[in-house]
Amino acid sequence: AFCANLTSDPDGDGTGTENGVSCKMRTGFDITAEMKVGWNLGNTMDASGSTANPLNDETYWGNPKTTKANMDGLKAAGFNTLRLPVSWDDHMSGADHTIDTAWLDRVEEIAKYALDNGMYVIVNIHHNNGWEAPTLANEASSKDYLVKMWPQIANRFQKYDHHLILETMNEPRVSGPDEWTGLPEYYAVLNRLNAAALKGIRDT
């Protein structure tokens, strides 16, 4: 039987112990097999621009407010995974990129609609104001955002099990003729940025 939680596996042999009983650790392949069919909640928590009230970003691009009934309907239709893209830039302040608690509360509320149905949920950092561009010139600035944002997000969601997945970046790219092909510089910077984000999550 699989371990109920993501318990540690110090020797890397794929076997863990939970409450004194041996159990099998889930691999990434095990988890993706369980995820099955997924659905993306686009243009909702990844919307932006409502300067009068940033909390209204959720409906600012024309979509209705997400409800538990939405997630119940998805589950009933056979979907087992919700991708929940989130824009954070309108909801941060200060040099520490402190995320607004009310926005984080709403992201968690929607995630729980699906988690309570036994679904998987993928939360990410989606549209941003260009700070994610993986160039050498921009690397320090991008890293500053990632290492300050991800511990906050991870800390909020650390109480959930393997059904809650964190996607560190969405389409990190550099505008221009090589936007979708990239350069060795971009790949190297992106690898370092991803490692920094993952370290921030692990250290939470």
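These numbers were taken from a predicted model, which means no experiment stands behind them. (Residues numbered from 1 in each chain as written. Predicted model: local features only at pLDDT ≥ 70, side-chain atom pairs only at ≥ 80, totals over all residues. Heavy atoms only, no water.)

Break down the packing of aromatic side chains for me, with residues and values.
This structure, assessed with the given rule, holds 2 aromatic pairs. Between F157 and Y160, the ring centres sit 6.0 Å apart and the planes meet at 45°, which makes this aromatic pair tilted. (Phe/Tyr/Trp six-rings, centres within 6.5 Å; stacked < 30°, edge-to-face > 60°.)

Got a sec to walk through helix 5 (residues 139-157)? Specific residues and values, please.
Its 19 residues give helix 5 an end-to-end C-alpha distance of 27 Å, which sits within 8% of 27 Å, the value for a rise of 1.5 Å per residue. Within helix 5, burial applies to E139, S142, L146, M149, W150, I153, A154, R156 and F157. On its buried face, helix 5 is in contact with strand 5 (92-93), strand 6 (98-99), helix 4 (101-115), strand 7 (120-124), strand 8 (164-167) and helix 6 (184-202). (Helix = DSSP H or I, 4+ residues; strand = E, 2+ residues; numbered from the N terminus. Expected span 1.5 Å × (residues − 1). Buried < 20%, exposed > 50% of the residue type's maximum accessible area, 1.4 Å probe, protein only. Contact = heavy atoms within 4.5 Å.)

Explain the sheet that holds strand 8 to me, and be specific about the residues and the numbers.
Strands sit in the order 3-4-7-8 across an open sheet of 4 strands; the sheet is parallel. Sheet topology places strand 3 (38-40) and strand 8 at the edges, where each strand pairs with a single neighbour. Taking the axes of each pair of neighbouring strands and ignoring which way they run, one obtains an average angle of 20° across the sheet. Note that strand 3 and strand 4 (residues 81-84) share 3 bridges and pair parallel. Bridging across to strand 4, W39 finds its partner in L82. (Pairing = 2+ DSSP bridges. Axes fitted to C-alpha atoms, helices over the stretch in contact; angles between N-to-C directions.)

Could you give me a rundown of the packing of helix 4 against helix 5, with the residues and numbers involved?
Each packed pair of helices is defined by two parameters, the angle between the axes and the distance between the axes. The interhelical angle for the contact between helix 4 and helix 5, taken along N-to-C directions, is 45°, at an axis separation of 11 Å. Relative to helix 5, the element helix 4 is oriented oblique. As for the relative orientation of helix 4 and helix 5, their crossing is right-handed in sense. The segment helix 4 lies against helix 5, with T101, L104, D105, V107, E108 and A111 engaging Q152, R156 and F157. (Parallel < 35°, antiparallel > 145°, perpendicular 65-115°, else oblique. Left-handed = near helix turned anticlockwise from the far one by under 90°.)

Before we move on, can you summarise the pairing of strand 1 (residues 15-18) with the specific residues and values?
Covered by surrounding structure in strand 1 are G16 and E18 only, the residues T15 and T17 on the alternate face being uncovered. Bridge analysis of strand 1 against strand 2 (residues 21-24) gives 4 bridges, and the strand direction is antiparallel. Paired with E18 across the bridge in strand 2 is V21. Two successive antiparallel strands, strand 1 and strand 2, enclose a turn made up of 2 residues, where N19 displays a positive phi of approximately 55°.

I'd like a description of the nonpolar core, backed by residues and values.
Looking at soluble globular proteins, one finds that nonpolar side chains tend to be buried together. Core analysis: the biggest nonpolar cluster contains 33 residues, and L82, L84, W88, V107, V121 and V123 have the highest contact counts within it. With 8 residues, the single largest contributor to this core is helix 4. In this view, V123 contacts L84, V86, W88, V107, W150, F157, L164, I165, L166 and E167; residues no more than four positions away in its chain are not counted. (Core = buried A, V, L, I, M, F, W, Y, C linked by side-chain atoms within 4.5 Å.)

Describe the packing of helix 5 against helix 6, naming the residues involved and giving the relevant values.
Where helix 5 contacts helix 6, the axes come no closer than 8 Å and their chain directions differ by 30°. Taken together, the axes of helix 5 and helix 6 are roughly parallel relative to one another. At the point where helix 5 passes helix 6, the crossing takes the right-handed sense. For the pair helix 5 and helix 6, the contacting residues are E139, S142, K143, L146, V147, W150, P151 and A154 in the first and V189, R192, L193, A196, A197, G200 and I201 in the second. Across the contact of helix 5 with helix 6, the residue classes break down as 10 nonpolar, 2 polar and 3 charged. (Nonpolar A, V, L, I, M, F, W, Y, C, P; charged D, E, K, R; others polar.)

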